[in-house]
2 protein chains.
Amino acid sequence: MKTEKGCVVAPKGFYAAGKSTGLKRKRKDMSLIYSEKPCNVAAVFTTNEVKASSVLHNMELYNKGKKARAIIINSGNANACTGEEGLNNTYKMAEETAACLALKPEDVYVNSTGVIGVQLPMDTIISGIREVSLALDDDIVSGINCAEGILTTDTFIKDKAVEIIIDDKKVKIGGIAKGSGMIHPNMATMLSFITTDVNIDDAVFKDLLKEIADDTYNMISVDGDTSTNDSVIALANGMAGNELLTKEHKDYNVFKDAFTFVCKHLATQIVKDGEGATKFMAVNVLNADTKENAKKIAKSIIGSSLVKTAFFGEDANWGRVLCAAGYSGVKFNPNIVTLSFKSAKGEIELYKDGIALDFDEEKALEILQQVEIEIDINMNMGNEKATAWGCDLSYEYVKINGEYRS
Amino acid sequence: MKTEKGCVVAPKGFYAAGKSTGLKRKRKDMSLIYSEKPCNVAAVFTTNEVKASSVLHNMELYNKGKKARAIIINSGNANACTGEEGLNNTYKMAEETAACLALKPEDVYVNSTGVIGVQLPMDTIISGIREVSLALDDDIVSGINCAEGILTTDTFIKDKAVEIIIDDKKVKIGGIAKGSGMIHPNMATMLSFITTDVNIDDAVFKDLLKEIADDTYNMISVDGDTSTNDSVIALANGMAGNELLTKEHKDYNVFKDAFTFVCKHLATQIVKDGEGATKFMAVNVLNADTKENAKKIAKSIIGSSLVKTAFFGEDANWGRVLCAAGYSGVKFNPNIVTLSFKSAKGEIELYKDGIALDFDEEKALEILQQVEIEIDINMNMGNEKATAWGCDLSYEYVKINGEYRS
């Protein structure tokens, strides 16, 4: 596997663009991804009962199992809690994109992110779609522009592309993401779009994204809130020309590993750009009895406000970590658990066999002063493991999210 | 029902004390509650898998179904994550308390709150138990001292007592509580102790506390973390002389209402003293399909960091409230939900029938600038309701919980 440039335009036959079209002041606010050939689609959508119009639209398309050709995304307005008018506007976005690209509306997935409860300014949206359609290209800059157009309050673009070899053919996977941006009044929203030129069985592609999303996008936490718009959509246009990829294909795992690599990279980039984050934390749950329980424990720890503030304060507060494991809903014996913190500056064991260990406070502080920190919790119950990624809870988080909307 | 003074000593036959015994600098750190006669016991304990030694001890006692005579409580050290030695120390606390009061060790419930992972200084503890035993009295000051001795970083004592009439007899209920104090390294811990002189069937008493705790103590949230030590323990010594209270007793609901009033008062006081809290919020979920779902939605909203920071910022951010309802795990139709905020300054409707309503921003700000705010969310699905209480998430919360332990 080697790293490539160009994110979503790295795979063969994909074009992209990102433009400033007037939805946001002086920043890119409209992105488009287009494939020469029809694509198999794999997607996961927010489990929130309150779904944005675009999510409802995309889920309907997805459930029909049809191929897709394009994804249009606007930032600056989430088109959520906007009722019938909002749904109509989503459909108009698909229609206009289709018209510009000589496609059918059902070939187009639509995504929106930004302020909620406000109707889309459709004149701006329509002219924006025309503008961004004209800008489509397959050069690296167009990929980067596309990555930029989906951002809200993200402080950097999230993109990645890799190349692998399947059946002696070059296969590429590229992706972009946006993270937990806050716009008044809004909530954290995660969007990620992936393109690949692999030739892959449709059902296999769909299952694989679901599996990988559960281990990557669904294992990150900035503040535990699931938004109305969260979506991951992947397109595969088959233009690499490999033999159809199924689970039995000898290179299935080569593709799976590369796909996982791209998703994990994008997911962890989202966390690193978490609102007000000063630390990046990975919680590794080791030797749990089941994979599901390992995930539950990891997510409970990474989601604890007390754990998050302790890491912001560079405090070796293992008690809060153990406590968060304790209320994860997983049964375990605290008397056989071991707990340690590690970073580039070393590792320190804090708890073992039901009791606190004496530890060197200076060494602990040195470890915790690093930006990237790992928490290892060994349940000593079985052989399953899971990792969750998150960030600390800082003054800045409260500031960003508590500021009056005006 | 009328309010009484003296909290846990208000009911007949109860004595209490609280003393500074050297566990904390210059603050009361040891409390004792004692009944002349054996008491029926009702209790609820933390569901955290990691339980403090005292909780393990109390659960064992409770499961034996025996009567009790005393509760000893130390603050400043939680005796959690302290292994075999910690368990032995809890037992020694029961033994010493029993010796001082001419009881058996199994007559004594033991509670600890404070720093975790550190062994109790047993010399100080033993001399403290002797001191506090000698101070037992049934005057109002002793009740207040007792309420003070269980505090950690609470900024005020939480106490309440009421009198009701059952079978023409005066029956009293008194209680104390401590809230989400933070001591390095520690987590929020809730303790509450209730005394009553009612003559009540043991099984009815136990069921009633469980039911009431689910609607009061279990409906508050400061930061969503459940601690290793959380406990509510209630003692009933029967000295009021009423006919045995069962569910069939004509005054059962009089007692139930008064008991609920005391528990709700103590639970909401805990929230009002939440770490760094500047606002007190009540989330009323109305017309849900089931009681359980109403509770789930209310707790999801009150626990959202995005909702909590919005209220800290006095921001009418109804989108975050709806979003938190959406990821509560309860199925509902967002298009029939209505949402409003209210306080002493009035009420403002923000969302209805799937769309955002235009609202007066100045009026909203005026409502949200109050310290006590209610959020009403009407699901329009059925007839069940629930209320959860919580507080905002402030800079001060991050400061208190992020400060380095030294």
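Residues numbered from 1 in each chain as written. Chains lettered and ligands numbered in written order. Predicted model: local features only at pLDDT ≥ 70, side-chain atom pairs only at ≥ 80, totals over all residues. Heavy atoms only, no water.

**Some details on the sheet that holds strand β12 (residues 338-343) of chain A**
Whenever strands of a sheet pair, they do so through backbone hydrogen bonds, lying parallel or antiparallel.
All names here are of chain A.
In step 1: If you walk across this open sheet you meet the 7 strands as β9-β16-β11-β15-β12-β13-β14, and the pairing is mixed. Two strands lie at the open edges of the sheet, namely β9 (220-221) and β14 (355-356), each paired on one side alone.
In step 2: Sheet analysis places strand β11 (residues 280-288) next to strand β16 (residues 384-391), joined by 7 bridges and oriented antiparallel. The partner of Ala 288 across the bridge, within β16, is Glu 384. (Pairing = 2+ DSSP bridges. Helix = DSSP H or I, 4+ residues; strand = E, 2+ residues; numbered from the N terminus.)

**Concerning the relation of the copies chain A and chain B**
In step 1: Laying chain A over chain B is done by rotating through 180° and shifting 0.0 Å along the axis; what remains is an RMSD of 0.0 Å. Taken together, the rotation angle and the small translation identify this as a two-fold axis. The rotation axis passes nearest to the C-alpha of Tyr395(A) in chain A, at a distance of 2.8 Å.
In step 2: Taken as a fraction of all interface residues of chain A, those also at the interface in chain B reach 100%, which identifies the copy contact as same-surface. (Least-squares fit on C-alpha atoms with pLDDT ≥ 70 in both. Contact = heavy atoms within 4.5 Å.)

**Topic: the domain arrangement of chain A**
Residue and element names in this part refer to chain A.
In step 1: Along its sequence, chain A is organised into domain 1 (2-272) and domain 2 (280-402).
In step 2: Domain 1 and domain 2 are separated by 32 Å when their C-alpha centres are compared.
In step 3: For the pair domain 1 and domain 2, the interface holds 2 salt bridges.
In step 4: Across the salt bridge formed by Lys 295 and Asp 215, the nearest N and O atoms sit 2.8 Å from each other.
In step 5: At the junction of domain 1 with domain 2, the criterion picks out 5 residue pairs in polar contact (both at pLDDT 80 or more).
In step 6: Going through the elements one at a time, α5 (202-215), β9 and α6 (252-272) are the ones with two or more residues in the side of domain 1 that touches domain 2.
In step 7: By residue number, the principal contributor to the side of domain 1 that touches domain 2 is α6, which donates 4 residues.
In step 8: Tallied by class, residues from the side of domain 1 that touches domain 2 come to 5 nonpolar, 4 polar and 5 charged. (Domains from an automatic or database assignment. Salt bridge = Lys/Arg side-chain N within 4 Å of Asp/Glu carboxyl O. Polar contact = N/O pair within 3.5 Å; in protein donor to acceptor, adjacent residues only side chain to side chain. Nonpolar A, V, L, I, M, F, W, Y, C, P; charged D, E, K, R; others polar.)

**What about the packing of aromatic side chains?**
In step 1: Applying the stated rule across the entire model yields 12 aromatic pairs over all chains.
In step 2: Consider the rings of Phe255(A) and Phe259(A), whose centres lie 5.5 Å apart with planes at 50°: the pair is tilted. In this pair, Phe255(A) and Phe259(A) are both assigned in helix α6, 4 residues apart and thus about one turn of the helix distant. Here Phe255(A) and Phe259(A) have matching classes, each one buried.
In step 3: Measuring from centroid to centroid gives 6.0 Å for Phe205(B) and Phe259(B), while their planes differ by 20°, and the two rings are stacked. You can see Phe205(B) sitting in helix α5 (residues 202-215) and its partner Phe259(B) sitting in helix α6 (residues 252-272), a full 54 residues away along the chain. Per residue, the accessibility class of Phe205(B) equals that of Phe259(B), and both read buried.
In step 4: Within the aromatic cluster, the residues linked to one another by ring pairs are Phe205(A), Phe255(A) and Phe259(A).
In step 5: Of note, Lys158(B) hangs over the ring of Phe156(B), and the distance from its end group to the ring centre comes to 4.6 Å. (Phe/Tyr/Trp six-rings, centres within 6.5 Å; stacked < 30°, edge-to-face > 60°. Buried < 20%, exposed > 50% of the residue type's maximum accessible area, 1.4 Å probe, protein only. Lys NZ or Arg CZ within 6 Å of the ring centre and 35° of its normal.)

**Observations regarding unusual backbone geometry**
Residues and elements named next belong to chain A.
In step 1: Of note, Asp 168 is a non-glycine position whose phi angle comes to about 60°, a positive value.
In step 2: Inspection of the secondary structure puts Asp 168 in the loop between β6 (158-166) and β7 (169-178).
In step 3: Assessed through its relative accessible area of 76%, Asp 168 is described here as exposed.
In step 4: The backbone phi angle of Asp 353 is positive, close to 55°, even though this residue is not glycine.
In step 5: Structurally, Asp 353 can be placed in the loop between β13 (346-352) and β14.

**Regarding the environment of Glu349(A)**
Residues and elements named next belong to chain A.
In step 1: Summarising the element assignment, Glu 349 is placed in strand β13.
In step 2: Expressed as a C-alpha distance, the spacing of Glu 349 and Glu 96, which sit 253 residues apart in the sequence, is 59 Å.
In step 3: Ignoring anything within four residues of it in the chain, the contact list for Glu 349 reads Thr 338, Leu 339, Ser 340, Leu 357 and Phe 359.

**Concerning the interface of chain A and chain B**
In step 1: If you look at the interface, chain A gives 60 residues, while chain B gives 60 residues.
In step 2: Surface buried jointly by chain A and chain B totals about 4700 Å² across both partners, of which 57% is contributed by carbon and sulfur atoms.
In step 3: For the pair chain A and chain B, the number of links is 2 salt bridges.
In step 4: Across the salt bridge formed by Lys331(A) and Glu49(B), the nearest N and O atoms sit 3.2 Å from each other.
In step 5: Put simply, chain A and chain B have 10 residue pairs in polar contact (both at pLDDT 80 or more) between them. (Buried area = accessible area lost by both parts, 1.4 Å probe.)

**Here we look at the environment of Leu365(A)**
In step 1: Mapped onto the elements, Leu365(A) comes out in helix α10 (residues 361-368).
In step 2: The spacing of Leu365(A) and Glu4(A) is 361 residues in sequence and 38 Å in space, taken between C-alpha atoms.

**With respect to the sheet that holds strand β13 (residues 346-352) of chain B**
All names here are of chain B.
In step 1: Ordered by their spatial adjacency, 7 strands build an open sheet running β9-β16-β11-β15-β12-β13-β14, and the pairing between neighbours is mixed. One side of each edge strand has no neighbouring strand; the edge strands of this open sheet are β9 (220-221) and β14 (355-356).
In step 2: Here β9 pairs with strand β16 (residues 384-391) via 2 bridges, running parallel. Each bridged residue has a counterpart across the sheet, and for Ile 220 the counterpart in β16 is Trp 389.

**Points about the packing of helix α7 (residues 291-302) of chain A against helix α9 (residues 318-326) of chain A**
All names here are of chain A.
In step 1: Between α7 and α9, the shortest axis-to-axis distance is 8 Å and the interhelical angle comes to 130°. When the axis of α7 is compared with that of α9, the two are oblique. Considering the relative orientation of α7 and α9, their crossing is right-handed. The segment α7 lies against α9, with Ile 297, Ser 300 and Ile 301 engaging Val 321, Ala 324 and Ala 325.
In step 2: For the contact of α7 with α9, a count of residues per class yields 5 nonpolar, 1 polar and no charged. (Axes fitted to C-alpha atoms, helices over the stretch in contact; angles between N-to-C directions. Parallel < 35°, antiparallel > 145°, perpendicular 65-115°, else oblique. Left-handed = near helix turned anticlockwise from the far one by under 90°.)

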